[in-house]
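Residues per chain are reported as follows:
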Amino acid sequence: MLVVQGNQALDKALKYEQMDQHRGRPELDDCWRLLLAAAKLARDPAQMPNTDAAFMLTAEGQPRLTDSREQAWLHWQPDMGWSCGAHLRGPAREFVEFYLPLCQPLTSGCRVVAHLGQSLDGYIATHNGDAHHVTGADNIRHLHRMRALGDAVVVGAGTVASDDPKLTTRLVAGPHAVRVVLDPQARLGAGYRVFTDGVAPTLLCRQAGIGGAAPGQARLLEVAVNGAGFNLVSLLGGLARCGLRRLFIEGGGVTVSRFLSQGLLDRLQIAVAPVIIGGGRTGVSLPPSDAMTQALRPSARIYRMGADMLYDFDLANGRQATPPPAGLRRLI
Ligand SMILES: NC(=O)c1ccc[n+]([C@@H]2O[C@H](COP(=O)([O-])OP(=O)(O)OC[C@H]3O[C@@H](n4cnc5c(N)ncnc54)[C@H](OP(=O)(O)O)[C@@H]3O)[C@@H](O)[C@H]2O)c1
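Fair warning: this is a prediction, and the values are worked out from it, not measured in the lab.

S.K.: Quick question: what am I supposed to make of the nonpolar core here?
M.R.: Nonpolar side chains in soluble globular proteins tend to be buried together. Ranked by size, the top nonpolar core spans 50 residues in total, and within it Trp82 and Val96 carry the most contacts. Here this core gathers at least three residues from each of two domains, domain 1 (8–103) and domain 2 (111–330). Residues Ile124, Phe230, Val256 and Val272 belong to the second largest nonpolar core, which totals 32 residues.

S.K.: Please explain the pairing of strand β9 (residues 202–207) as it appears in this structure.
M.R.: Every other side chain in a regular strand lies on the same face of the sheet, so the side chains alternate between the two faces. When you tally the buried positions in β9, you get 5 out of 6 residues, the bulk of the element. In this structure, strand β8 (residues 178–182) lies alongside β9, joined through 4 bridges in parallel fashion. Each bridged residue has a counterpart across the sheet, and for Val181 the counterpart in β9 is Leu204. Pairing of β9 with strand β10 (residues 219–223), which is carried by 5 bridges, proceeds in the parallel orientation. Note on β10: the bridge partner recorded for Leu203 is Arg219.

S.K.: Looking at this structure, how should I read the pattern of salt bridges?
M.R.: Opposite charge on two side chains permits them to pair, given that their charged atoms come into close proximity. Enumeration according to the criterion identifies 10 salt bridges in this entry. Its salt-bridge partner being Asp138, residue Arg141 comes within 3.3 Å of it at the nearest N-O pair. Residue Arg141 and its partner Asp138 are both found in helix α4 (residues 137–149); the two are separated by 3 residues, about one turn of the helix. A single salt-bridge network, built from bridges that share partners, covers Arg43, Asp151 and Arg246.

S.K.: Even after reading the chapter, I still don't get the environment of Ala37, so can you show me in this structure?
M.R.: In this structure, Ala37 sits in helix α2 (residues 26–42). The class for Ala37 is buried, based on a relative accessible area of 10%. Sequence spacing of Ala37 and Pro63 is 26 residues, and the spatial spacing of their C-alpha atoms is 6.6 Å.

S.K.: It is not clear to me how the site of the ligand should be interpreted in this structure. Could you clarify?
M.R.: As a structural note, the neighbourhood of the ligand is formed by 26 residues, with Gly117, Thr159, Asp163, Phe230 and Thr255 the closest of them. With respect to the ligand, the side chain of Ser162 contributes an N or O atom lying 3.5 Å from an oxygen atom. In this structure, Phe230 approaches the ligand through a main-chain N or O atom, which is 2.8 Å from a nitrogen atom. When the ligand is considered free in solution it has 910 Å² of accessible area, and contact with the protein chains removes 87% of it. Looking at the shell around the ligand, the elements with two or more residues in it are β5 (111–119), β6 (123–125), α5 (157–163), β12 (229–230), β13 (246–251) and α8 (253–261). With 5 residues, the top contributor of residues to the shell around the ligand is α5. Taken together, the residues that form the shell around the ligand break down as 10 nonpolar, 11 polar and 5 charged.

S.K.: So what exactly am I meant to see when it comes to unusual backbone geometry here?
M.R.: Peptide bonds are trans in most cases, and residues, glycine excluded, mostly fall at negative phi. Gly251 connects to Gly252 through a cis peptide bond whose omega is -5 degrees. Along the chain, Gly252 falls in the loop between β13 and α8. One non-glycine residue, Asp164, lies in positive phi territory at about 45 degrees. Along the chain, Asp164 turns up in the loop between α5 and β8. In this structure, Leu167 is a non-glycine residue whose phi angle is positive, near 60 degrees. With respect to the secondary-structure elements, Leu167 resides in the loop between α5 and β8. The class for Leu167 is buried, based on a relative accessible area of 2%.

S.K.: Help me out: how do you make sense of the packing of aromatic side chains in this one?
M.R.: Working definition: an aromatic ring pair is given by the centre-to-centre distance plus the angle between the planes. Per the counting criterion, the structure on display carries 7 aromatic pairs. Between the aromatic rings of Trp76 and Trp82, the centroid separation amounts to 5.0 Å while the plane-to-plane angle is 65 degrees, which identifies the pairing as edge-to-face. No difference in accessibility class separates Trp76 from Trp82, as the two residues are buried. Over the face of the ring belonging to Trp32 we find Arg145, whose NZ or CZ atom lies 5.6 Å from the ring centre.

S.K.: What's the story with the environment of Leu236 in this structure? I'm lost.
M.R.: Considering the arrangement of structural elements, one finds Leu236 in helix α7 (residues 232–241). Overall, Leu236 belongs to the buried group, its relative accessible area being 11%. The sequence separation of Leu236 and Leu264 amounts to 28 residues, and the corresponding C-alpha distance is 9.3 Å. Discounting chain neighbours no more than four positions away, the residues touching Leu236 are Cys110, Val112, Leu247, Phe259 and Leu264.

How each quantity is defined
Numbering of residues starts from 1 in each chain and follows the order in which that chain's sequence is written. Only residues with pLDDT of 70 or above have their local features reported here, since the model is predicted, and side-chain atom pairs are shown and tallied only from 80 upward, although totals for entire chains, interfaces and linings are computed over all residues. Side-chain measures were taken over the full set of non-hydrogen atoms in the model, leaving aside hydrogen atoms and water. The set of buried Ala, Val, Leu, Ile, Met, Phe, Trp, Tyr and Cys residues whose side-chain atoms join them within 4.5 Å is what this entry labels a nonpolar core. Relative accessibility thresholds used throughout: buried, under 20% of the residue-type maximum; exposed, over 50%; partly exposed, between the two (1.4 Å probe, protein chains only). The start and end points of each domain follow an automatic or database-based domain assignment. Each helix is a run of DSSP H or I of at least 4 residues and each strand a run of E of at least 2, with the numbering of both proceeding from the N terminus. For two strands to count as paired, DSSP must find a minimum of two bridges between them. Whenever a carboxyl oxygen of Asp or Glu lies within 4 Å of a side-chain nitrogen of Lys or Arg, that contact is scored as a salt bridge. Being near a molecule or strand, for a residue, means having at least one of its heavy atoms within 4 Å of it. A 3.5 Å cut-off defines polar contacts: any pair of N or O atoms within that distance qualifies, except that in protein one atom must be a possible hydrogen donor and the other a possible acceptor, and neighbouring residues in sequence count only when both atoms are side-chain atoms. To be clear on the numbers: accessible area is Shrake-Rupley with a 1.4 Å probe, and residue cover counts the displayed protein chains and nothing else. Each residue gets one label: Ala, Val, Leu, Ile, Met, Phe, Trp, Tyr, Cys and Pro are nonpolar, Asp, Glu, Lys and Arg are charged, and the others, such as Gly, are polar. The rule is short: rings of Phe, Tyr and Trp, with Trp giving its six-membered ring, pair when the centres are within 6.5 Å, and they are stacked under 30 degrees, edge-to-face over 60, tilted in between. Note on criteria: charge over ring means Lys NZ or Arg CZ within 6 Å of the ring centre, with the direction from the centre no more than 35 degrees off the ring normal. Contacts are assigned to residue pairs that have any heavy atoms within 4.5 Å of one another.

So, in structure tokens, the structure goes:
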């Protein structure tokens, strides 16, 4: 477990009833540093203790082992990974518990989490592709955190063409993820920022055999296709061979829907903003259900991010029609 030493600052933070009341204060920064450290350690479980252990975060923000279990923020168990220490309470605990599943070690395969920010009427952008300010600043900061916890942030060619995004973690502390762009037909020109800015590595995925040079500074990954575009299992295998196993699928709707329809998402996060666009680019799009009993209704946790509501769906256990748990968690 990670423990924060000299935790007067934390005690002060826990007096706040809602995490969003102390956004940006050092207390939240401590929680975030704790999570970054946990994620980093989990990438190399060989360096972790093979018995239950407790960690603390020093005043310099460095994790170190401690014998003081009372003050522990996080526990490490070799067979279970990370869990919250009893010392974490209130909004700090909510915050750490929310991101902790993304900091766990991977014993095999990939962990794939997707996110979409959409309007109340289900659109992720206007009809001509304007997706700025669909969701608010808190949700955008959350996106940057998700990028920082992943090995790669994945977007479709439509998102790069519309937004020319940077896909960096500039709003939070933490490493940049490798930027992965799905452009099977090589339709994107070389001038987009992910190909030219050099801020983080970019991997461009193209259909095998399509040819052509990689744009700008990007590296090329050739992926087999099937009737539904990329063979996504092959894609995940190719990314894993590049060391990219913790994947954050950031959009857009077509890209997320293809992962979802093929049962390849562990989590799907949909942030619903209090805005009605009236029409536009669709978020999730799946084959229609004839009856509500066929609808996908995974278990969900619900968080508030500023004015937006984030539904965090757990898809790892398959299509289970479990009712969502009662209650609302305020997060950021
Ligand atoms: N609000 C949000 O959360 C959010 C997030 C991201 C983007 N956006 C907005 O969403 C819009 C773009 O979304 P979109 O749904 O139109 O496009 P998109 O998902 O960004 O890109 C779709 C394209 O990427 C390629 N692609 C993706 N998955 C593939 C697969 N499995 N196999 C083969 N090719 C694959 C295909 O390119 P080809 O067509 O070349 O085959 C596909 O048409 C933009 O307006 C952007 O601003 C919103």
